[in-house]
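Listed below are the residues making up each chain.
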Amino acid sequence: MILSALLIALVGIAAIRDSQDRDYLAIQQRYQSDHNDTGFNIQVQQIFPAFADAKRGDTFRVERCISCHVPDIGTIGPELAAQRLAQDFMKYQPNAQAVAAQNHYTLVHPAYIANGISVPSATKGFAPAMDYTQYGITGTGFAPYSVTGATTNAKQGYAVTPTTVLPGPLPAAVDPKALNPTQTNPSLQKVGIDQVGCIVCHNGSRLSLNQTDAHQNLIANPEYDFTSGAQLYYKYCVTCHGVQGEGGKGPPLSNQDRLGYFNEDYYYRCIEYGFTDFEHIGSIMPNWGSTATDFTYDPTRDKQRPGSRILSENQIQILIQFIRHWENYNTLP
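Just so you know, these numbers come straight off a predicted model, no measurement behind them.

## Some thoughts on the overall build of the protein
Turning to step 1, where the next piece is worked out: Per the secondary structure count, the protein includes 16 helices and eight strands.
Turning to step 2, where the next piece is worked out: Counting contacts in the protein only where the partners sit at least 6 residues apart, residues at least 24 apart contribute 53% of the total.

In structure tokens form, the structure reads like this:
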């Protein structure tokens, strides 16, 4: 009886803590008051995606943010769900216009990853789509981006091809052809946000279901961060870190086992403070931003003197998101 009472008490404590940690319920209630056209139950959650490579071991690689923001996606379909996401952002987000301008939002969400620029939609005729043949793993990223020039890290023994094409952030796991290789109709090869979730492109830390943690480290606009981040990387970072992030004078940035565990805060301090902060003290990493407050120049240790700011805080954040596109899951963390 004592063990039974203890078990009931533990279950009760867990239920209370879980209910207190559900900030997303307020989001769903607001959505329901604005879009109560399907009579959905906000207590029903469909969190996890269902496609072949959604999991590695017992770990989900992607998450369905849309389960909070459009809980009736199973009823209205992924195209209308994506449309409402953009509309609700402009409605609920403080300073929405400024945020949209800063991150180059189009406010048109491509609901499907498909083999064409549009796909038949169950809810509105034709819907815009990410064209996998242009934007996918066999293409050149969200926008064509290649690097042409001499080998970068030849002095360190690294030989790279003169022309490097960046694969882009869309993983092969969401290739419609890979999901349904026998299907020749592009409209039936589509993969939508209802299947792959949001994190597969936006790459958040998905730490928990409370609002703050769920939004931590989200990439606001993958296309903009990829192209603008690439421009910054190949101007300032490539000489030491390699054309494909393979490393040279500096450590590799494309190795999940080396750098895949760190969050944006770690990356930011590395770039902002460089050798003036404790992570890179005595190294050749420049301080691309400011100087750490506790830094004291030591000529016997330091190979350079601190310089003035080169990259703005926003440029550093964009550069971080581009570097994170190299994070992969070939090995488990």
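## What to know about helix α16 (residues 313-324)
Turning to step 1, where the next piece is worked out: For α16, which comprises twelve residues, the first-to-last C-alpha distance of 17 Å matches the rise-based estimate of 16 Å (1.5 Å per residue) to within 8%.
Turning to step 2, where the next piece is worked out: For α16, every residue scored as buried is listed here: I316, I318, L319, I320, Q321, F322, I323 and R324.
Turning to step 3, where the next piece is worked out: Its buried side turned inward, α16 meets α12 (222-236) and α15 (264-273).

## Quick notes on the side chain of H280
Turning to step 1, where the next piece is worked out: Along the chain, H280 turns up in the loop between α15 and α16.
Turning to step 2, where the next piece is worked out: H280 gets classed as buried once you look at its relative accessible area, which sits at 18%.
Turning to step 3, where the next piece is worked out: Contact partners of H280, with chain neighbours within four places excluded, come to Y266, C270, G274, F275 and M285.

## As for the packing of α12 against α16
Between two packed helices, both the angle of their axes relative to each other and the distance between the axes serve to describe the pair.
Turning to step 1, where the next piece is worked out: Here α12 crosses α16 at 100 degrees, and the two axes come no closer than 8 Å. Accordingly, the angle class assigned to the pair α12 and α16 is roughly perpendicular. Facing Y224, D225, F226, S228, G229, A230, L232, Y233 and Y234 of α12, the residues of α16 in contact are Q315, I318, L319, Q321 and F322.
Turning to step 2, where the next piece is worked out: Tallied by class, residues from the contact of α12 with α16 come to nine nonpolar, four polar and one charged.

## Things to note about the confidence of the model for the protein
Close inspection of predicted coordinates is inappropriate for parts of the model with low pLDDT.
Turning to step 1, where the next piece is worked out: Chain-level statistics for the protein give a pLDDT mean of 79 and a share of 82% at 70 or above.
Turning to step 2, where the next piece is worked out: Across the protein, the secondary-structure element scoring lowest on mean pLDDT is helix α14 (residues 256-259), at 68, and the one scoring highest is α15, at 92.

## Concerning the sheet that holds strand β5 (residues 125-131)
Turning to step 1, where the next piece is worked out: The strand order β4-β5-β3-β8 describes an open sheet built from four strands, whose pairing is mixed. Taken across any chain shown, the strands that pair with only one partner, and hence form the sheet edges, are β4 (118-121) and β8 (191-192).
Turning to step 2, where the next piece is worked out: Pairing geometry for β4 and β5, over four bridges, is antiparallel. When the sheet's bridge partners are listed, P120 is paired in β5 with F126.

## Here we look at the packing of aromatic side chains
Ring pairs (aromatic) are described by centroid distance and by the angle formed between their planes.
Turning to step 1, where the next piece is worked out: Inspection of every chain in the model, using the stated rule, returns eight aromatic pairs.
Turning to step 2, where the next piece is worked out: Judged by centre distance (5.7 Å) and plane angle (50 degrees), the rings of Y233 and F322 are tilted. A residue pair is termed long-range when its members are at least 10 positions apart, and Y233 in helix α12 and F322 in helix α16 qualify at 89 residues. Grouping residues by exposure puts Y233 and F322 together as buried.
Turning to step 3, where the next piece is worked out: Seen from their ring centres, Y266 and Y267 are 6.1 Å apart, and the 65 degrees between their planes marks the pair as edge-to-face.
Turning to step 4, where the next piece is worked out: Its relative accessible area of 6% is what places Y267 among the buried residues.
Turning to step 5, where the next piece is worked out: Members of the aromatic cluster, each reached through a chain of ring pairs, are F226, Y233, Y234 and F322.
Turning to step 6, where the next piece is worked out: One cation-aromatic arrangement involves R30 over Y92; the distance from NZ or CZ to the ring centre is 3.8 Å.
Turning to step 7, where the next piece is worked out: Sitting above the plane of the Y297 ring, R305 keeps its charged end 4.0 Å from the centroid.

Calculation rules
Residues numbered from 1 in each chain as written. Predicted model: local features only at pLDDT ≥ 70, side-chain atom pairs only at ≥ 80, totals over all residues. Heavy atoms only, no water. Helix = DSSP H or I, 4+ residues; strand = E, 2+ residues; numbered from the N terminus. Contact = heavy atoms within 4.5 Å. Expected span 1.5 Å × (residues − 1). Buried < 20%, exposed > 50% of the residue type's maximum accessible area, 1.4 Å probe, protein only. Axes fitted to C-alpha atoms, helices over the stretch in contact; angles between N-to-C directions. Parallel < 35°, antiparallel > 145°, perpendicular 65-115°, else oblique. Nonpolar A, V, L, I, M, F, W, Y, C, P; charged D, E, K, R; others polar. pLDDT = per-residue confidence, 0-100. Pairing = 2+ DSSP bridges. Phe/Tyr/Trp six-rings, centres within 6.5 Å; stacked < 30°, edge-to-face > 60°. Lys NZ or Arg CZ within 6 Å of the ring centre and 35° of its normal.

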